[in-house]
Amino acid sequence: MTTENKICFRHGMRDGSPIALGYFAVAFTLGIAARNAGLSAIQALIASALNNASAGEYAGFALIAAGSSYVEMAVMTLVVNARYLLMSCALSQKLKPDTPLRHRMLIAYDVTDEIFGICVAQPGCLNPWYAYGAIVVAIPGWALGTFFGVMMGNVLPTRVVSALSVGLYGMFLAIIIPPARRNRVIAGVVALGFAASFLVNRLPLFSGVSTGIKTIALTVLIALLAAVLFPTDTVNKSSSSALDSENAPHSP
């Protein structure tokens, strides 16, 4: 390892340490979900080490608890984690053209929202060793958080475990509320998703459909509807126009 790579690796570890602490807290509540799905602490540890994605992993645990098939789980994980494909495309533009494939694949292993954020914000081209430094502290924080979540879920009283499970809903609210407040289209899509999910779980017409299939179908259909009715360019132009009108000088 060259001196430059060592420096970048240390900087990555420094910037990744707060992320690891946040991961531990979130993954602790994820461990509660893993425990409720019947997974052992070791199984949850391995799952988090191989799938460092909050929404995708929670969806997987929910499908395990619902007794869904492997196909449903694979498709749902692909749909929920589809945004990482876009992040990876954007991050690949930060790498030098001659970056070896092995470095690209190692970085792709842990393209999370937070690691993507600090990597894409680096000035100039991204040194892969910076990403490795962030990853090497982030993954243990996520995996160990899940592990201890299962362990504590087996020790703590049922009421305390139930209270900690609320942290998962707080995690998802923290993800969807900020963009929903900034964009009315996103807020409408979120509201539609909640309403549609409630209806398909209450109407007798869908009682014979598994939870996994219903979740996959709603995710794809609502996302497709939003993409057709509100293309990205239209949304961006609307936001820019609104911002321009706010910043424009007003006559007295």
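For the structure, see preceding data.
What counts, and where the lines are drawn
- Residues numbered from 1 in each chain as written.
- Predicted model: local features only at pLDDT ≥ 70, side-chain atom pairs only at ≥ 80, totals over all residues.
- Heavy atoms only, no water.
- Phe/Tyr/Trp six-rings, centres within 6.5 Å; stacked < 30°, edge-to-face > 60°.
- Helix = DSSP H or I, 4+ residues; strand = E, 2+ residues; numbered from the N terminus.
- Buried < 20%, exposed > 50% of the residue type's maximum accessible area, 1.4 Å probe, protein only.
- Salt bridge = Lys/Arg side-chain N within 4 Å of Asp/Glu carboxyl O.
- Arc of directions from axis to C-beta.
- Contact = heavy atoms within 4.5 Å.
- Patch = residues over 30% accessible without salt bridge, like charges linked within 9 Å, V, L, I, M, F, W, Y side chains within 5 Å.
- Areas by Shrake-Rupley, 256 points an atom, 1.4 Å probe, with all protein chains shown as cover.
- Axes fitted to C-alpha atoms, helices over the stretch in contact; angles between N-to-C directions.
- Parallel < 35°, antiparallel > 145°, perpendicular 65-115°, else oblique.
- Left-handed = near helix turned anticlockwise from the far one by under 90°.
- Nonpolar A, V, L, I, M, F, W, Y, C, P; charged D, E, K, R; others polar.
- Core = buried A, V, L, I, M, F, W, Y, C linked by side-chain atoms within 4.5 Å.
- Expected span 1.5 Å × (residues − 1).
- Polar contact = N/O pair within 3.5 Å; in protein donor to acceptor, adjacent residues only side chain to side chain.

A.B. asks: Before we move on, can you summarise the packing of aromatic side chains with the specific residues and values?
C.D. replies: For the structure on display, the rule yields five aromatic pairs. Measuring from centroid to centroid gives 5.4 Å for Tyr23 and Trp142, while their planes differ by 75°, and the two rings are edge-to-face. Residue Tyr23 is located in helix α1 (residues 3–36), and its partner Trp142 is located in helix α8 (residues 128–155); the two are separated by 119 residues in the primary sequence. Per residue, the accessibility class of Tyr23 equals that of Trp142, and both read buried. A centroid spacing of 5.3 Å and a plane angle of 85° characterise the contact between Phe147 and Phe148, whose relative ring orientation is edge-to-face. Judged by relative accessible area, Phe147 falls into the buried class, the value being 18%. One aromatic cluster is present, formed by Phe9, Trp129 and Tyr132 through successive ring pairs.

A.B. asks: An account of the pattern of salt bridges is requested, with residue identities and associated values reported.
C.D. replies: A complete count under the given rule lists one salt bridge for this structure. Arg14 is the salt-bridge partner of Asp15, the closest N and O atoms lying 3.0 Å from each other. The class for Arg14 is exposed, based on a relative accessible area of 52%.

A.B. asks: Got a sec to walk through helix α5 (residues 83–92)? Specific residues and values, please.
C.D. replies: Regarding α5, the residues found buried are Tyr84, Met87 and Leu91. Down the axis, α5 shows its buried residues gathered within 55° of arc, on one side only. Along α5, exposed side chains directed more than 90 degrees from the buried face belong to Leu85 and Leu86. If you follow the buried residues of α5, they end up packed against α6 (101–108) and α7 (113–120).

A.B. asks: Tell me about a nonpolar patch on the surface, and name the residues and values.
C.D. replies: Together, Leu192, Leu224, Leu225, Val228, Leu229 and Phe230 line one region of the surface with nonpolar side chains, adding up to about 560 Å² of accessible area. Sorting elements by how many residues they give to the nonpolar patch places helix α11 (residues 211–229) first, with four residues. Inspection of the secondary structure assignment puts Leu192 in helix α10 (residues 184–200). Take Leu192: its relative accessible area is 39%, and that puts it in the partly exposed class.

A.B. asks: Break down the packing of helix α3 (residues 54–65) against helix α4 (residues 70–80) for me, with residues and values.
C.D. replies: Running from N to C, α3 and α4 cross one another at 160°; their axes reach a closest spacing of 9 Å. What the angle tells us is that α3 and α4 run roughly antiparallel. Note on packing geometry: the crossing formed by α3 with α4 is right-handed. In this structure, α3 uses Ala55, Gly56, Ala59, Gly60, Leu63 and Ile64 to contact α4, whose residues at the interface are Glu72, Met73, Met76, Thr77 and Val80. Of the residues contributing to the contact of α3 with α4, the split by class is seven nonpolar, three polar and one charged.

A.B. asks: Tell me what's going on with the side chain of Ser48, and back it up with residues and numbers.
C.D. replies: Looking at the secondary structure, you find Ser48 in helix α2 (residues 41–50). Taking the relative accessible area as the measure of exposure, Ser48 reaches 0% and is therefore buried. With near-sequence residues (within four places) excluded, Ser48 lies in contact with Glu57, Trp142, Ala143 and Thr146.

A.B. asks: Account for the nonpolar core, with residues named and values stated.
C.D. replies: What tends to happen in soluble globular proteins is that the nonpolar side chains get buried as a cluster. Counting 35 residues, the largest nonpolar core has Leu91, Ile107 and Cys119 as the members making the most contacts within it. Elements supplying a minimum of two residues to this core: α1, α2, α5, α7 and α8. Take this core: its biggest share by element is ten residues, from α8. Once you skip the residues sitting within four places of it in the chain, Cys119 turns out to touch Leu91, Lys94, Leu126, Tyr130 and Ala131. Membership of the second largest hydrophobic core comes to six residues, among which are Ala59, Leu63, Met76 and Val80.

A.B. asks: Residue-level account of α10, with values.
C.D. replies: Since the α-helix turns once every 3.6 residues, residues separated by three or four places project in the same direction. Helix length check: α10, at 17 residues, gives a terminal C-alpha distance of 24 Å against a target of 24 Å (1.5 Å per residue), a fit within 8%. Two to three positions downstream of the cap, the backbone nitrogen of Val185 sits 2.8 Å from a side-chain oxygen, assigning the N-cap of α10 to Asn183.

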